[in-house]
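Tertiary structure, described
Here is what each chain is made of, one letter per residue.
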Amino acid sequence: MSKDALILPEDFPKLQNDTFLRAARGEETEHVPVWCMRQAGRYLPEFRESRAGKDFFETCRSPEACCELTLQPLRRFPFDAAIIFSDILVIPQAMGMDVQMVAGKGPTFPDPLKEPEDLQRLQVKVDVAKELGYVFKAITLTRHKIEGKVPLIGFTGAPWTLMSYMIEGGGSRTFSKAKSWLYRHPEASHMLLRMLTDVIVEYLLGQVAAGAQALQVFESHAGILGPSEFQEFSLPYLRDIARCVKDKLKEAGKDVPMIVFAKDAHYSLEDLSQSRYEVVGLDWTIDPQSARERTGGKVSLQGNMDPCALYAPKERISEIVKKMVEGFGPRGYIANLGHGLYPDMDPENVGAFVQAVHQHSKRIIKQIFSEAEFTIIPRLKCKKGLWMHPTNQ
């Protein structure tokens, strides 16, 4: 990447709120940080106005548009982090595939991969700076425009999730075409997954160089796989991404927390917590206390309120948030939804969610340290820097 396309990190405004980064590393915080997946999205009227009449991927290729869409939710809500506006399918595009966003249908590949021979159509050695430089420019611009208010998260889709789209040709209930490759063409499947992993690693490193302060890997289609298939076709590549990115960043003297979100992969919590990611994201079907027990204090946790809970009255949202925060405990925890915001959600309810996280977590933390002056707290104990339930001891 040329120096004229990248403003160096020391030129960025000083970070004012590092609560999210401290929580990711399991450090003490004054409140539980909160952000939402898809927090820049169609639930905001200003988002719909900005996007009206414009091609989705054309918007993704505009650093100025991505910056504006990333900042919109921060003007409304006191989120503790922002995530750059982009899409996971920019990687298949960079590898030479045509991807379109079709109204009423979603992402569509007019010419998906059908047989192993089709892998020859893909660009194996991707010039990430050239093909995805618009994402890096958007990150750099946003780091400046965000003025240090909160950290900026970069992200990518995971290899299996990207592979499933590239073969299926779009969304699917079963992803049977993609899964059939795993059984019919395991060697070709691994070849494609390795190709994707190599590009993803370079892509994430480029995002950090551009200014991303944390990284999230979305394995959105993990739940399509069974435990053994996940062990073979997803987990090794998730591990490789974390290992390669962290080793390269260490050489450069950088330390950027990484989050892995493998939706519906309940069966792999233990493995995910030992995969070199600082944070494991959880969907809404996992009990907080069970997640704490199964991850054993090795990682911070992120999640996991059911997005549909935001359709509830504000008082009910507050009650649900209170129970969630108490379940996870205030240390080594980042509040989020168990998946992304839906387009028809009321922005005021999103605000109520954010407010409730801050309010209840501050109260819980204050209570913990107030009680600690007089007695040992039986409810929450500290293990390896994370607040754990007594059953974990």
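Along every chain, residues carry numbers that run from 1 in the direction the sequence is written. With the structure being a predicted model, the display of local features is reserved for residues of pLDDT at least 70 and the display and counting of side-chain atom pairs for 80 or more, all residues being used for whole-chain, interface and lining totals. For the side-chain quantities, the full set of heavy atoms in the structure was used; hydrogens and water were omitted.

Operational definition: UniProt positions are given in the numbering used here, feature names are shortened, and annotations may be inferred rather than shown by experiment.
The name given to the protein in an unreviewed UniProt entry is Uroporphyrinogen decarboxylase, with Gasterosteus aculeatus aculeatus as the source organism. Comment text from UniProt for the protein, heading Subcellular location (unreviewed entry), reads "Cytoplasm".

1. Overview of the packing of aromatic side chains
To describe a pair of aromatic rings, one takes the distance between the centres and the angle between the planes. Rule in force here: For Phe, Tyr and Trp, rings pair up if their centres lie within 6.5 Å, where Trp contributes its six-membered ring, and each pair is then called stacked (planes under 30 degrees apart), edge-to-face (over 60) or tilted (otherwise). Where helices and strands are cited, they refer to DSSP runs of H or I of at least four residues and of E of at least two residues respectively, numbered from the N terminus. Accessible area is worked out with a 1.4 Å probe on protein chains only. A residue is then buried under 20% of its type maximum, exposed over 50%, and partly exposed in between.
Considering all chains together, one arrives at 10 aromatic pairs under this definition. The interplanar angle of 70° and the centroid separation of 5.9 Å between the aromatic rings of Phe 56 and Phe 85 together place this pair among those described as edge-to-face. In this pair, Phe 56 sits in helix α3 (residues 56-60) while Phe 85 sits in the loop between β1 (82-83) and α5 (90-94), placing the two residues 29 residues apart along the sequence. There is no split in this pair, since Phe 56 and Phe 85 are both buried. The interplanar angle of 75° and the centroid separation of 5.6 Å between the aromatic rings of Phe 77 and Phe 79 together place this pair among those described as edge-to-face. Residue Phe 77 is classed as buried on the basis of its relative accessible area of 8%.

2. Considering the packing of helix α4 (residues 63-76) against helix α7 (residues 133-145)
Here is the rule we go by: Angles run from 0 to 180 degrees between N-to-C directions of axes, and those axes are lines fitted to C-alpha atoms, restricted for helices to the stretch in contact. Orientation is classified from the angle alone, with under 35 degrees giving roughly parallel, over 145 giving roughly antiparallel, 65 to 115 giving roughly perpendicular, and any other angle giving oblique. Crossings are classed by handedness, with left-handed meaning an anticlockwise turn of the near helix from the far one by less than a right angle and right-handed meaning a clockwise turn. Any two residues whose heavy atoms approach within 4.5 Å are treated as being in contact.
Running from amino to carboxyl end, α4 crosses α7 at an angle of 45°, the nearest separation of the two axes being 8 Å. In terms of their interaxial angle, α4 and α7 are classed as oblique. Crossing hand, α4 versus α7: right-handed. Across from Pro 63, Glu 64, Cys 66, Cys 67, Thr 70 and Leu 71 in α4, the residues of α7 making contact are Tyr 134, Lys 137, Ala 138, Leu 141, Thr 142 and Lys 145.

3. With respect to the pairing of strand β6 (residues 258-262)
Spelled out, the test is: DSSP bridges decide pairing: two strands pair if at least two such bridges lie between them.
In terms of burial, β6 is largely enclosed, as five of its five residues are buried. Neither face of β6 is exposed, since Met 258, Val 260 and Ala 262 on one face and Ile 259 and Phe 261 on the opposite face are all buried. Judged from the five bridges that link them, strand β5 (residues 214-219) and β6 form a sheet pairing that is parallel. Looking across to β6, one finds that Glu 219 is bridged to Ala 262.

4. Overview of the side chain of Thr 29
To keep things clear, this is the line we draw: Two N or O atoms form a polar contact when they lie within 3.5 Å of each other; inside protein one atom must be a possible hydrogen donor and the other a possible acceptor, and for residues adjacent in sequence the pair counts only when both atoms belong to side chains.
Its location among the elements puts Thr 29 in the loop between α1 (19-24) and α2 (45-51). A polar contact is formed between the side chain of Thr 29 and the backbone oxygen of His 31, at a distance of 2.9 Å. Not counting chain neighbours up to four residues away, the residues in contact with Thr 29 comprise Thr 19, Arg 22, Ala 23, Pro 330 and Ile 365.

5. Structural notes on the pattern of salt bridges
For side chains bearing opposite charge, pairing can occur when the charged atoms are close. The following threshold applies: Think of a salt bridge as a Lys or Arg side-chain nitrogen and an Asp or Glu carboxyl oxygen that are within 4 Å of each other.
For the coordinates displayed, the defined rule picks out 22 salt bridges. For the salt bridge of Lys 114 with Asp 111, the shortest nitrogen-to-oxygen distance reads 3.7 Å. Asp 111 sits in the partly exposed class, given a relative accessible area of 42%. Counted as one network, the salt bridges with shared partners bring together Asp 111, Lys 114, Asp 118 and Arg 121.

6. A short note on the sheet that holds β1
Taken in spatial order, the seven strands line up as β1-β4-β5-β6-β7-β8-β9 in an open sheet, and their pairing is parallel. Each edge of the sheet is formed by a strand with only one pairing partner; in this case those strands are β1 and β9 (333-337). As paired strands, β1 and strand β4 (residues 152-157) are joined by two bridges and run parallel to one another. Note that in β4 the partner of Ile 83 across the bridge is Ile 153.

7. As for the side chain of Ser 361
Residue placement: Ser 361 occurs in helix α16 (residues 347-372). A relative accessible area of 0% places Ser 361 in the buried class. Contacts of Ser 361, omitting those with residues within four sequence positions, involve His 31, Val 32, Val 325 and Ala 356.

8. Notes on the packing of α7 against helix α10 (residues 186-210)
Heads up, the rule is: Three residue categories are used. Nonpolar comprises Ala, Val, Leu, Ile, Met, Phe, Trp, Tyr, Cys and Pro, charged comprises Asp, Glu, Lys and Arg, and polar comprises the others, including Gly.
In contact at an axis separation of 8 Å, α7 and α10 are set at 30° when each is read in the N-to-C sense. Taken as axis vectors, α7 and α10 run roughly parallel relative to one another. Judged by the sense of rotation from one axis to the other, the crossing of α7 with α10 is right-handed. Side by side, α7 and α10 meet where Val 135, Phe 136, Ile 139 and Thr 140 of the first sit next to Tyr 203, Gly 206, Gln 207 and Ala 210 of the second. A per-class count over the contact of α7 with α10 returns five nonpolar, three polar and no charged.

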